[in-house]
Amino acid sequence: MSQYTPRKLTRLPADYCFPAQPGVDASQPGVDAYIFPEEAVIAVEVALVTQRPLLVAGPPGCGKSRLAETVAAVLQWNFLHQTITSRTRVEQLTVDVDHLRRLNDAQRAARPDARSKARALARDEEYYNPGIFWWAFNPASASRRGLPANVGKPRVAARCGGVVRRPASEPQHTVLLIDEIDKAEPDLPNDLLEPLDRRSFTLPDGRPLTADPQQELLTIITTNRERELPQAFLRRCVSLLLRQPDRDGLIAIARVHAPDVADELIVAIAARMVELRRQRSDSGQRSPGTSEFLDAVRTCHDLAIGVDSEKWQQVERATLLKPMAAEDERSRQS
């Protein structure tokens, strides 16, 4: 079967291996090398064509988050991300109101000192904290916290905090990563349907905030499949399942990320990695991820420890097995 030729990711090399890029400054940090599976290339391009979010599933450590970061580098788009927790609210992703700062300003405004009162009074928009959807939809408006352009800049500047690759004079095309959606409370995925589907949300004052039609957006959402997601949410997404790389895939990844390491060592650790995955899958335990495999490769290279060395088991426990205290105690008792 012939290899797919990308139509959107045209800067991707023919072997699907995007090389590492050095950082420019704090707003443009470096990007590590990344080998794209063909199914990931096609899924990303489907999401770009259909303008739908890309839901990336897979076990921890298989490269889901790195995929989003690297796609942004390939496209030369801005990159924003938010890691979801059980405490994440939809307002944190769209627009939140800084009630504490508003209260402090109100207290200062109530003082009899006229100068203090003049400083304290502010428009409601001054207390809007733009979330990543606002920055992705309309960064110019987000930087003003929603203040009209003729009013001027907010007294407290709003900061994006993402990777900015696009010149201010050009449309701010963006890759938006929403990481670990399955960690959220059950209502959050449904709360995201409006910004994901319509690319808009409502500001606290009732005004709609809609994405700038000149700006392209690719939203990538990751899940470890620890919780079932709502069907209405799944229907709106393009789907991609990333699997752990096989032996040959691990060897290729190690050659890219650790080019100074001897092939014999990489092959030996890759074989051991595959065996560990099989054993742990049979016993229902967590399998080591690709990043942990690379840790083992670099450790063995730098410390001159081979897989046949008597110290290998200690390296294996430290980098790949990582037994919990309870597991370790059970193994000693047995």
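Please read all numbers here as calculations on a predicted model, not as lab measurements. Here the residue numbering is sequential within each chain, running from 1 through the sequence in written order. With pLDDT at 70 or above as the cut-off, local features in this predicted model cover only qualifying residues; side-chain atom pairs require 80 or more to be listed or tallied, and sums for whole chains, interfaces and linings still use all residues. Only hydrogens and water are removed before side-chain values are computed, so all heavy atoms of the structure are retained for them.

J.: Before we move on, can you summarise the layout of surface pockets with the specific residues and values?
T.: Residues are called lining when one of their atoms sits within 4 Å of a cavity or pocket point, these points coming from a 1 Å grid over the protein atoms alone, where a cavity is a set in which a 1.4 Å probe fits but cannot get out and a pocket is an open set with protein on both sides within 12 Å along at least five of seven lines. Grid points are joined across faces, edges and corners, and a volume is the space filled by probe spheres set on the points. Within this model, the largest pocket holds a volume of roughly 780 Å³. Surrounding the largest pocket, 31 residues form its lining, Tyr34, Gly61, Cys62, Gly63 and Thr290 being those nearest its centre. Those elements giving two or more residues to the lining of the largest pocket turn out to be strand E2 (34–35), helix H2 (64–75), helix H11 (247–257) and helix H13 (290–303). Helix and strand labels come from DSSP, where a helix needs a run of H or I of at least four residues and a strand needs a run of E of at least two; each type is numbered from the N terminus.

J.: Please give an account of the side chain of glutamine 215 that cites residues and values.
T.: Among the structural elements, glutamine 215 can be located in the loop between strand E9 (208–210) and strand E10 (217–223). Buried means the residue's accessible area, taken with a 1.4 Å probe over protein chains only, is under 20% of the maximum for its type, while exposed means over 50%, and partly exposed covers the values in between. The buried category is assigned to glutamine 215, whose relative accessible area is 12%. We call two N or O atoms a polar contact when they sit within 3.5 Å, provided that within protein one can donate a hydrogen and the other can accept it, with sequence-adjacent residues counted only if both atoms are side-chain atoms. Here alanine 136 takes part through its backbone oxygen, which lies 3.4 Å from a polar atom of the side chain of glutamine 215. Of the polar contacts made by the side chain of glutamine 215, one reaches the backbone oxygen of phenylalanine 137; its length is 3.3 Å. Note on contacts: a residue pair is in contact if any heavy atoms of the two residues lie within 4.5 Å. Setting aside chain neighbours within four positions, we find glutamine 215 in contact with Ala136, Phe137, Asn138, Pro139, Pro171, Gln172 and His173.

J.: Break down empty space enclosed by the protein for me, with residues and values.
T.: Enumeration according to the criterion identifies one cavity of 30 Å³ or more in this entry. In this structure, the largest cavity occupies an estimated 60 Å³ of space. Residue lining of the largest cavity: Ala47, Gln51, Arg52, Pro53, Phe133, Pro195, Leu196, Arg199, Leu217, Leu218 and Thr219, and that is the complete set. At the level of elements, helix H9 (193–197) and E10 are the ones that each hand at least two residues to the lining of the largest cavity. Ranked by residues supplied to the lining of the largest cavity, first place goes to E10 with three residues. For the lining of the largest cavity, the class distribution of residues is seven nonpolar, two polar and two charged. When residue character is reported, Ala, Val, Leu, Ile, Met, Phe, Trp, Tyr, Cys and Pro are called nonpolar, Asp, Glu, Lys and Arg charged, and the others, Gly included, polar.

J.: Run through the sheet that holds strand E3 (residues 54–57), naming residues and quoting values.
T.: Here the rule is simple: two strands pair whenever DSSP picks up at least two bridges between them. Ordered in space as E4-E7-E10-E3-E11, the five strands form an open sheet in which the pairing is parallel. Strand pairing shows two members of the sheet lacking a second neighbour, strand E4 (78–83) and strand E11 (238–241), which therefore form its edges. In this sheet, neighbouring strand axes are inclined to one another by 20° on average, regardless of whether the strands run parallel or antiparallel. Relative to E11, E3 is paired through four bridges, and the arrangement is parallel. For leucine 55, the partnering residue across the bridge sits in E11 and is serine 239. Each axis is a line fitted through C-alpha atoms, and for a helix only the stretch in contact is used; angles between axes span 0 to 180 degrees, taken between their N-to-C directions. Set on the sheet, helix H1 (residues 38–50) makes contact with E3, E10 and E11; between it and E11 the angle comes to about 170°. Relative to the sheet, H2 contacts E3, E4, strand E7 (174–179), E10 and E11, its axis offset from that of E7 by approximately 175°.

J.: Got a sec to walk through H1? Specific residues and values, please.
T.: An α-helical turn contains 3.6 residues, so a residue and the one three or four places further along point in the same direction. Counted at 1.5 Å a residue, the expected span for H1 with its 13 residues is 18 Å, and the 18 Å between its end C-alpha atoms agrees. Within H1, the full set of buried residues consists of Ala40, Val41, Ala43, Val44, Glu45, Ala47 and Leu48. Those residues of H1 that are buried are in contact with E3, H2, E10 and E11. At the exit of H1 stands glutamine 51, carrying a positive phi of roughly 60°. A helix is expected to span 1.5 Å for every residue after the first.

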